[in-house]
Amino acid sequence: MLLPAESETGLVTEKDLQDLRLMELKKYSYLSEVMDLSRQIEEAMGRNDQVSIRMLIAMREEPILRLQEVERNLKTRRQEFSQKEQQKVTDLISGEMAPELDVEKDFVEQVTINRRLIEKVVDLDQKISVRLAGDKSFYQK
């Protein structure tokens, strides 16, 4: 069990997990934006609207860059933890360890939601890429 007073010892506190969850929520927001723009690209492809396709692809760059920034921040934040606590967070995320506290459950739930959305984004991106680039698609290599 994690206690707030453990922060001086380098152990993960409830606040640390809340911070990680907030970063995961930001990640979800950007993932949702990428998904929405990807769906719009798919619709524009159905209409063969090349101008909209180019515009939407360009618009998708910003939330993708912000996603990368959030990922860097998550990695940096986790590196501040002791080796033992980094492993605990990894075990929570991977399902190796069952969450005990509500804050752990909330964090793991958000990570799981993000993981599902990432899978959907990648699947849609693959369809779009193959339709746009054919054999030259990133996914065909």
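Look above for the structure.
The structure displayed is predicted, hence computed values, not measured ones.

Peer 1: Report on the packing of helix α3 (residues 83–94) against helix α4 (residues 102–133), specifying residues and quantitative values.
Peer 2: In the contact formed by α3 and α4, the axes pass within 9 Å of each other and the chain directions differ by 55°. Of the possible angle classes, the one that applies to α3 and α4 is oblique. Of the two possible hands of crossing, α3 and α4 adopt the one that is right-handed. Here Lys 88, Val 89, Leu 92 and Ile 93 of α3 lie close against α4, whose contacting residues are Glu 104, Phe 107, Val 108, Val 111 and Arg 115. Grouping the amino acids of the contact of α3 with α4 by side-chain chemistry returns six nonpolar, no polar and three charged.

Peer 1: Summarise the nonpolar core; cite the residues concerned and give the values.
Peer 2: In this structure, Leu 17, Leu 20, Ile 41, Val 89 and Phe 107 are the most contacted members of the largest nonpolar core, which totals 30 residues. Sorting elements by how many residues they give to this core places helix α1 (residues 14–47) first, with eleven residues. Setting aside residues up to four positions removed in sequence, Ile 41 forms contacts with Ile 53, Leu 56, Ile 57, Arg 60 and Ile 128.

Peer 1: Explain unusual backbone geometry residue by residue, including any values.
Peer 2: Leaving glycine out, the prevailing phi sign among residues is negative, and the prevailing peptide bond configuration is trans. Positive phi, close to 55°, is recorded for Asn 48, a residue that is not glycine. Among the structural elements, Asn 48 can be located in the loop between α1 and α2 (50–79).

Peer 1: Describe the environment of Lys 84, naming the residues involved and giving the relevant values.
Peer 2: As for its position among the elements, Lys 84 is in helix α3. Judged by relative accessible area, Lys 84 falls into the exposed class, the value being 64%. Separated by 72 residues in the primary sequence, Lys 84 and Val 12 place their C-alpha atoms 9.4 Å from one another.

Rules of the game
- Residues numbered from 1 in each chain as written.
- Predicted model: local features only at pLDDT ≥ 70, side-chain atom pairs only at ≥ 80, totals over all residues.
- Heavy atoms only, no water.
- Axes fitted to C-alpha atoms, helices over the stretch in contact; angles between N-to-C directions.
- Helix = DSSP H or I, 4+ residues; strand = E, 2+ residues; numbered from the N terminus.
- Parallel < 35°, antiparallel > 145°, perpendicular 65-115°, else oblique.
- Left-handed = near helix turned anticlockwise from the far one by under 90°.
- Contact = heavy atoms within 4.5 Å.
- Nonpolar A, V, L, I, M, F, W, Y, C, P; charged D, E, K, R; others polar.
- Core = buried A, V, L, I, M, F, W, Y, C linked by side-chain atoms within 4.5 Å.
- Buried < 20%, exposed > 50% of the residue type's maximum accessible area, 1.4 Å probe, protein only.

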